[in-house]
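# Examination of the molecular architecture
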Amino acid sequence: MAITRNVKCPNCGVFNRNSDYCKNCNTLISFEKKQEQKVAAYKEEELQKVKYEIENPNLAERLKKHSFWLYRIVGWILYSAYLLVSAIGALIAWFIAMVAAG
């Protein structure tokens, strides 16, 4: 026995039986298809973000790959300073969490 779905179209108000699209105005009314479209749009957005980050590295990454040796050294110094500041911040956060935990 098949399950019967009656869905009211949010656009025109017509009730539709076992259909993904409204028979009156052809609006998408299927929840599953709407979710699939949202997931596909989210994946595409995340893919675009990753492509942008790969194509546009930050200053330290660009300098680390520069052809002139002096710029490469400056890039590594900037990268190391950023890494050191991040490590100190993580240690401070850990210490505060441990003090708060008792």
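Right above here is the structure, for reference.
Residues numbered from 1 in each chain as written. Predicted model: local features only at pLDDT ≥ 70, side-chain atom pairs only at ≥ 80, totals over all residues. Heavy atoms only, no water.

### Points about the overall build of the protein chain
Our working definition: Here a strand is any run of E in DSSP of at least two residues, a helix any run of H or I of at least four, and the numbering for each starts at the N terminus. Only the C-alpha atoms count toward the radius of gyration. The rule for a globule is 2.2 Å times the residue count to the power 0.38. Relative accessibility thresholds used throughout: buried, under 20% of the residue-type maximum; exposed, over 50%; partly exposed, between the two (1.4 Å probe, protein chains only). Residue contacts are defined here by distance: any two heavy atoms, one from each residue, within 4.5 Å place the two residues in contact.
In terms of regular secondary structure, the protein chain is built from three helices and two strands. Shown N-terminal to C-terminal, the secondary structure of the protein chain runs as helices and strands in the order β-β-α-α-α. Taking 13 Å as the expected radius of gyration for a compact globule of 102 residues, we find that the protein chain reaches 27 Å, considerably beyond that expectation. Relative to its 102 residues, the protein chain shows a buried fraction of 10%. Expressed as a percentage of contacts within the protein chain between residues at least 6 apart in sequence, the contacts between residues at least 24 apart total 3%.

### Regarding the environment of K8
Its location among the elements puts K8 in strand β1 (residues 6–8). K8 sits twelve residues away from D20 along the chain, and the two C-alpha atoms are 11 Å apart. Those residues within four positions of K8 in sequence are excluded, and the remaining contacts are G13, V14 and F15.

### Details of the environment of Q37
Relative to the elements of secondary structure, Q37 occurs in helix α1 (residues 31–55). For Q37, a relative accessible area of 48% puts it in the partly exposed group. Distance in space between the C-alpha atoms of Q37 and I3 is 24 Å, their sequence separation being 34 residues.

### A short note on the side chain of K64
Relative to the helices and strands, K64 resides in helix α2 (residues 59–64). Judged by its relative accessible area of 14%, K64 falls in the buried class. If sequence neighbours within four positions are ignored, K64 has contacts with R72, G75, W76 and Y79.

### Examining helix α3 (residues 69–101)
Rules: By definition here, a helix of n residues has an expected span of 1.5 Å times n minus one.
The end-to-end C-alpha distance of α3, which contains 33 residues, comes to 48 Å, matching closely the 48 Å that a straight helix rising 1.5 Å per residue would cover. Just downstream of α3, G102 is the residue with a positive phi angle, here 105 degrees.

### Considering the pattern of salt bridges
Note that side chains of opposite charge can pair when their charged atoms are close. Our working rule: Basic side-chain nitrogens of Lys or Arg form a salt bridge, by our definition, when they fall within 4 Å of a carboxyl oxygen of Asp or Glu.
One pass over the full model with this rule turns up six salt bridges. One salt bridge in this structure joins R5 and D20, with 3.6 Å as the shortest N-O distance. Of this pair, R5 sits in the segment before β1 while D20 sits in the loop between β2 (15–17) and α1, and the two are 15 residues apart along the sequence. With relative accessibility at 28%, the residue D20 sits in the partly exposed group. Taking the shortest distance from any N to any O, the salt bridge between K64 and E61 comes out at 3.4 Å. Here K64 pairs with E61, and both are found in helix α2, just three residues apart, close to one helical turn.

Keep in mind these numbers describe shape, not what the thing actually does.
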